[in-house]
Amino acid sequence: MTNYIPEPFRIKMIEPIHLISLEAREAALKRAKFNIFNLRSDEVYIDLLTDSGTGAMSQSQWAAMLEGDESYAGARSYERLSQVVKEIFGFKHFVPTHQGRAAENILTAIALKPGQFVPSNMHFDTTEGNILARGGKPVNLVDEVAFKPEAIVDFKGNMDLSKLRAFIQEKGATNIPFGMITITNNAGGGQPVSMENLKGVSKIYHEFGIPFIIDACRFAENAYFIKLRETGYSKKSILEIAKETFSLADGVTMSAKKDGLANIGGFLCLNDDAWFEKVRAELILREGFVTYGGLAGRDLDAIAVGLMEALEEGYLAYRVGQTKYLSEQLLASGVPIVQPAGGHAIYVDAAKMLSHLKRDQFPGQALTIALYREGGIRGVEIGAVAFGHDDPDTGAPVYPELELVRLALPRRVYTQSHLDYVADILAQLQKKPKAIGGVKMTRAPKLLRHFSAEFELLSP
Ligand code: F0G
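Residues numbered from 1 in each chain as written. Predicted model: local features only at pLDDT ≥ 70, side-chain atom pairs only at ≥ 80, totals over all residues. Heavy atoms only, no water.

**Notes on the nonpolar core**
If you look at soluble globular proteins, the nonpolar side chains tend to sit buried side by side.
Point 1. Counting 61 residues, the largest nonpolar core has Phe 89, Phe 219, Phe 246 and Leu 307 as its most contacted members.
Point 2. Split by domain, this core shows at least three residues from each of two domains, domain 1 (22-51 + 313-457) and domain 2 (59-309).
Point 3. Those residues in contact with Phe 89 that sit more than four places away from it in its chain are Ala 216, Phe 219, Phe 246, Val 252, Met 254, Phe 267 and Leu 307.
Point 4. In terms of nonpolar packing, the next biggest core, distinct from the first, is built from 30 residues, Ala 341, Met 353, Leu 419 and Leu 426 among them. (Core = buried A, V, L, I, M, F, W, Y, C linked by side-chain atoms within 4.5 Å. Buried < 20%, exposed > 50% of the residue type's maximum accessible area, 1.4 Å probe, protein only. Domains from an automatic or database assignment. Contact = heavy atoms within 4.5 Å.)

This is the structure in structure tokens:
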């Protein structure tokens with residue numbers, strides 16, 4: 001038996017990639033002000049910046065795109081996607097949006113008033129940003145174990161149910177226009193949420209009359225973890241588990257760039273008629289008519305096929321097998337990571353790996369830079385740069401609990417030897433961590449600062 005699952009596809013079209021020289025990588029970093037978002041993709045060898053919109057489409061998706069109906073209203077492509085969304089998600093109303101954050105924007109525009117709270121296990125940064133932009137307050141109530149990188153727990157994305165209940169009682173249900181949960185929990189290691197926990201969350205929100213909205217970006221990976229790990233689900237299909245998941249909620253925001261296996265797109269589903277009336281008006285203003293929502297007809301067809309492919313067990317076994325394989329390589333060479341491996345990414349514990357650096361020297365950013373310098377690999381910091389901020393009253397820096405570097409795996413793109421290469425580069429860095437110096441942030445925008453912050457290197 002092998003300890004890995006070979007790719008369940010063969011490659012019939014290739015995109016060349018190159019490792020540019022060390023001198024060229026150093027020059028690129030300097031030009032980018034040491035922020036990897038400023039690198040050009042042809043300067044990157046293995047791009048693990050995100051799994052969002054970066055996947056490879058199948059021959060069936062490309063074929064479906066040729067049938068895209070570009071009619072402004074009532075396109076056949078919309079009907080096809082509607083049917084698939086109805087089949088998997090089951091909500092009464094559905095509108096396409098150009099990506100996930102557009103669905104978040106519309107939802108917060110119609111439902112959220114300044115000063116109100118939106119609880120979740122952990123909000124992703126665009127969700128947090130959209131809530132803040134409307135004057136709302138995002139609240140993270142994930143189980144504490146999520147903050148212990150080495151704790152091996154099956155469902156580390158679960159909400160702390162007693163904290164959720166206490167929070168609603170303290171703030172009052174009228175101050176919570178809707179409650180959320182993110183599956184899988186991207187900001188906390190790509191960790192899944194169990195069906196039992198989803199049921200508990202649904203029960204609590206509904207007991208207080210609060211609509212329950214799921215951030216469903218990686219719902220297929222979450223369903224696969226439920227099948228693998230939760231009692232009573234091993235014989236259920238991924239579609240059955242997905243249906244049960246969504247039957248607990250009143251709506252979803254979705255980025256089809258993840259488990260829609262598409263390069264662009266998203267959607268918003270809701271059951272409530274009154275909310276949906278408002279959504280239609282907002283969508284037409286911001287995104288486009290309700291049957292295309294800012295997308296081309298061909299995009300809708302790519303998503304319709306992609307959503308069904310994402311439910312295939314052979315695909316999911318390989319997908320989750322890839323992160324597991326990479327995690328095993330890294331653990332074997334002593335690289336500290338969040339355990340167990342997440343669904344779409346590996347999260348390196350930069351605070352532990354570079355324990356000689358202080359928080360204000362940004363170990364996550366320092367490791368991100370070192371990974372690119374050493375091997376042309378682009379990961380992303382998920383730590384003090386992405387989630388830290390200055391206290392509005394005192395000006396003192398506030399740091400998130402974890403200091404991680406995420407290596408997100410695009411879907412169906414890299415092979416196992418690419419993963420071996422990534423593991424080798426990290427193993428080399430792990431041998432002499434003290435050779436990696438910290439960084440100083442020289443430009444720090446207020447909102448979503450990791451996209452445009454700038455840095456200088458400090459000597460090791
Ligand atoms: N929710 C979650 C959990 C996400 O991971 C993302 C995007 C979004 C919402 C927003 O969707 O990008 O289509 O607007 N995550 C990407 C990432 C960007 O790299 O993790 P979007």
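**Some words on the site of the ligand**
Point 1. With respect to spatial proximity, 17 residues lie near the ligand, and among them Thr 50, Arg 101, Asp 215, Ser 255 and Lys 258 are the closest.
Point 2. Here Thr 50 contributes a side-chain N or O atom positioned 2.7 Å from an oxygen atom of the ligand.
Point 3. In the model, a nitrogen atom of the ligand is placed 3.0 Å from a nitrogen or oxygen of the Lys 258 side chain.
Point 4. In isolation the ligand has 470 Å² of accessible area, and contact with the protein removes 94% of it.
Point 5. Looking at which element gives the most residues to the shell around the ligand, the answer is helix 4 (residues 100-111), with three residues.
Point 6. Taken together, the residues of the shell around the ligand sort by class into two nonpolar, eight polar and seven charged. (Near = heavy atom within 4 Å. Polar contact = N/O pair within 3.5 Å; in protein donor to acceptor, adjacent residues only side chain to side chain. Areas by Shrake-Rupley, 256 points an atom, 1.4 Å probe, with all protein chains shown as cover. Helix = DSSP H or I, 4+ residues; strand = E, 2+ residues; numbered from the N terminus. Nonpolar A, V, L, I, M, F, W, Y, C, P; charged D, E, K, R; others polar.)

**Points about a nonpolar patch on the surface**
Point 1. A cluster of nonpolar side chains, contributed by Leu 132, Leu 447, Leu 448 and Phe 451, occupies part of the molecular surface with about 330 Å² of accessible area.
Point 2. Looking at Phe 451, the relative accessible area reads 33%, which means it is partly exposed. (Patch = residues over 30% accessible without salt bridge, like charges linked within 9 Å, V, L, I, M, F, W, Y side chains within 5 Å. Salt bridge = Lys/Arg side-chain N within 4 Å of Asp/Glu carboxyl O.)

**With respect to helix 3 (residues 76-89)**
Point 1. If you check helix 3, its first and last C-alpha atoms are 20 Å apart, about what 14 residues at 1.5 Å a residue would give, namely 20 Å.
Point 2. Listing the buried residues of helix 3 in full gives Ser 77, Tyr 78, Leu 81, Ser 82, Val 84, Val 85, Ile 88 and Phe 89.
Point 3. Contacts from the buried residues of helix 3 go to strand 2 (93-97), helix 8 (219-229), helix 9 (238-247), strand 7 (251-255), strand 8 (266-270) and helix 11 (297-309).
Point 4. Looking at the residues trailing helix 3, positive phi occurs at Gly 90, about 75°. (Expected span 1.5 Å × (residues − 1).)

**Thoughts on the sheet that holds strand 2**
Point 1. Read across the sheet, five strands follow the order 2-8-7-6-5 without closing on themselves; strand pairing throughout is mixed. The open sheet has two free edges, formed respectively by strand 2 and strand 5 (179-182), since each of these has just one partner strand. Neighbouring strand axes in the sheet, compared pairwise and without regard to direction, differ in orientation by 15° on average.
Point 2. Across three bridges, strand 6 (residues 212-215) lies against strand 7 in parallel orientation. Bridge pairing in strand 7 links Ile 214 to Val 252.
Point 3. Helix 10 (residues 273-286) rests against strand 2, strand 6 and strand 8 of the sheet, and its axis sits at about 20° to strand 2. (Pairing = 2+ DSSP bridges. Axes fitted to C-alpha atoms, helices over the stretch in contact; angles between N-to-C directions.)

**Section: the packing of aromatic side chains**
Point 1. For the coordinates displayed, the defined rule picks out 18 aromatic pairs.
Point 2. On the basis of an interplanar angle of 15° and a centroid distance of 5.8 Å, the ring pair of Tyr 78 and Phe 94 is categorised as stacked. One end of the pair, Tyr 78, is in helix 3; the other, Phe 94, is in strand 2, with 16 residues separating them in the sequence.
Point 3. For Tyr 78, a relative accessible area of 15% translates into the label buried.
Point 4. For Phe 94, a relative accessible area of 8% puts it in the buried group.
Point 5. Through a chain of ring-to-ring contacts, three or more aromatic side chains come together here, namely Tyr 78, Phe 89, Phe 91, Phe 94, Phe 219, Phe 246 and Phe 267.
Point 6. Note that Arg 412 overlies the ring of Tyr 315, its terminal NZ or CZ placed 6.0 Å from the centroid. (Phe/Tyr/Trp six-rings, centres within 6.5 Å; stacked < 30°, edge-to-face > 60°. Lys NZ or Arg CZ within 6 Å of the ring centre and 35° of its normal.)

**Let's talk about the sheet that holds strand 14 (residues 404-408)**
Point 1. In spatial order, the strands read 9-14-11; together these three strands make up an open sheet with antiparallel pairing. This sheet does not close on itself; its edge strands, each paired only once, are strand 9 (345-349) and strand 11 (380-382). For this sheet, the mean inter-axis angle between neighbouring strands, taken without regard to orientation, is 35°.
Point 2. Sheet topology note: the strand 9/strand 14 ladder contains five bridges and is antiparallel.

**Describing the environment of Glu 26**
Point 1. Relative to the assigned elements, Glu 26 resides in helix 1 (residues 22-31).
Point 2. Sequence separation between Glu 26 and Gly 100 is 74 residues; the distance between their C-alpha atoms is 34 Å.

**Some points on the packing of helix 1 against helix 14 (residues 363-375)**
Point 1. Put simply, helix 1 and helix 14 touch, their axes get as near as 8 Å, and they point 150° apart. Between helix 1 and helix 14, the interaxial angle falls into the category roughly antiparallel. Contacts between helix 1 and helix 14 involve Leu 22, Arg 25, Glu 26, Ala 28 and Leu 29 from the first element and Ile 369, Tyr 372, Arg 373, Glu 374 and Gly 375 from the second.
Point 2. In terms of residue class, the contact of helix 1 with helix 14 is made up of five nonpolar, one polar and four charged. (Parallel < 35°, antiparallel > 145°, perpendicular 65-115°, else oblique.)

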